[in-house]
Each structure stands twice: as structure tokens, then as C-alpha cells.
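Summary of structural features
The lines below spell out each chain.
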Amino acid sequence: RACRVSLTMIVRNEENTLGDCLRSVADLVDEVVVVDTGSTDRTREMAASFGARVIDFAWCDSFAAARNESLRHATGDWAFWLDADERLDAANRQRLVELFGRLGDENAGYVMKQHSGPEGDTTRGTVVEQTRLFRNHPAVRWEYRIHEQ
């Protein structure tokens, strides 16, 4: 693959969910950057066990600030973000493999659908479209304290 992809995450007390998330995606990306906003459990150790670079960041009541800190440490050409309670299923893993394989120098972002609902149930819950993959460029940063964009 010509372009490097950085997985960026912000976490706090996610030791019970982070392992499943990283197992679903860590082998697809070139680096994992985890910004920890004050965990008191084994979240940092869990992230490090997957080879993640763990950055401590004092929570300042802004999701955008924490996400921007993760981008500040990401070295990939592209940034892909997930939350610790999210997982990629087999079909979407394959879609990402194909997408990551054809990324180039285009100035683009990719909107992905994120499903929140009961485990394995695709008929109930909420589907949210979010820009999850974009060029890692200093001019592209998150805004808004909550519901960051």
C-alpha cells in the first residue's frame, strides 16, 4: 500500500471494550495512536499491548481538543478514527482493506455509517454517518466541544 493509515482514538476507562475494538482493526493500519484522557483502569496497558502509542491528555471538556491531540501525534498520510466501544465486522474489514489499498494523495474524506444498537441486531438502533477517514493534514482539525465535526 502506498499510503500510511493512522488509527486515532480517544479513551477513558475502556479496558473492557478496547481489546475487542483493536483486535478488529489494528492489523489494517500502520500505527495506532490512543489518547487517554484520565483512565484509572488498565486502559493504557491494554492499548500498549496492541502496540499503540499512548498519549496522556488531561480532559478539558472538549472532544475536539482530545481528537486534535490524537491527530497531532499521527504520522500516517491518512487518519482513521474509532471509539473504543466500536468494532469492525468481517464485511466492513474487507471494505476497508480495499479502500486503504487504493488511497492516494487526493484531498478527500470518507463518510462511513456507524450502527449503534443491540449486539448483532441490524434492524434496531441508530445509524449515524460520520467522516471516519480523511487526509492527515494540519489544516484539517476537529471543531466543537461535543458532537465534534
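Residues numbered from 1 in each chain as written. Predicted model: local features only at pLDDT ≥ 70, side-chain atom pairs only at ≥ 80, totals over all residues. Heavy atoms only, no water.

Bringing the environment of glutamine 130 into the picture now. With respect to the helices and strands, glutamine 130 occurs in strand β6 (residues 126-135). Of the residues examined, glutamine 130 reaches a relative accessible area of 24% and is grouped as partly exposed. A C-alpha to C-alpha distance of 5.5 Å links glutamine 130 and methionine 112, two positions 18 residues apart in sequence. Ignoring any residue separated from it by four or fewer positions in sequence, one finds glutamine 130 in contact with Trp81, Tyr110, Val111, Met112 and Gln114. Of the polar contacts made by the side chain of glutamine 130, one reaches the side chain of arginine 132; its length is 2.5 Å. (Helix = DSSP H or I, 4+ residues; strand = E, 2+ residues; numbered from the N terminus. Buried < 20%, exposed > 50% of the residue type's maximum accessible area, 1.4 Å probe, protein only. Contact = heavy atoms within 4.5 Å. Polar contact = N/O pair within 3.5 Å; in protein donor to acceptor, adjacent residues only side chain to side chain.)

If charged atoms from side chains of opposite charge come close, those side chains can pair. Under the counting rule described, the total for this entry stands at nine salt bridges. For aspartate 27, the salt bridge goes to arginine 93, with nearest N and O atoms at 3.0 Å. Within this pair, whereas aspartate 27 is found in the loop between α1 (18-25) and β2 (31-36), its partner arginine 93 is found in helix α4 (residues 90-102), the two being separated by 66 residues in sequence. The class for aspartate 27 is exposed, based on a relative accessible area of 57%. For the salt bridge of aspartate 61 with arginine 145, the shortest nitrogen-to-oxygen distance reads 3.3 Å. On the criterion of sequence distance, the pair formed by aspartate 61 in the loop between β3 (53-56) and α3 (63-73) and arginine 145 in the segment after β6 is long-range, its members being 84 residues apart. Connected via shared salt-bridge partners are Asp36, Arg44 and Asp56. (Salt bridge = Lys/Arg side-chain N within 4 Å of Asp/Glu carboxyl O.)

Taken together, the side chains of Trp59, Phe63 and Ile146 make up a nonpolar region of the molecular surface, amounting to roughly 250 Å² of accessible area. For tryptophan 59, the position within the fold is in the loop between β3 and α3. Here tryptophan 59 falls in the partly exposed class, since its relative accessible area comes to 32%. (Patch = residues over 30% accessible without salt bridge, like charges linked within 9 Å, V, L, I, M, F, W, Y side chains within 5 Å. Areas by Shrake-Rupley, 256 points an atom, 1.4 Å probe, with all protein chains shown as cover.)

Two faces, one strand: in a regular strand the side chains alternate between the faces of the sheet. The side-chain alternation of strand β4 (residues 78-81) yields two buried faces, one formed by Trp78 and Phe80 and the other by Ala79 and Trp81. Sheet topology places strand β1 (residues 5-11) next to β4; four bridges connect them, and they run parallel. Directly across from valine 5, in β4, lies its bridge partner tryptophan 78. For β4 and β6, the ladder comprises three bridges, and the chain directions are antiparallel. By the bridge assignment for β6, alanine 79 is matched with phenylalanine 134. (Pairing = 2+ DSSP bridges.)

For cysteine 21, the position within the fold is in helix α1. A sequence separation of 66 residues divides cysteine 21 from arginine 87, and the C-alpha atoms of the two residues are 4.9 Å apart. Residue contacts for cysteine 21: discarding those within four places in its chain leaves Met9, Leu82, Asp83, Ala84, Glu86 and Arg87.

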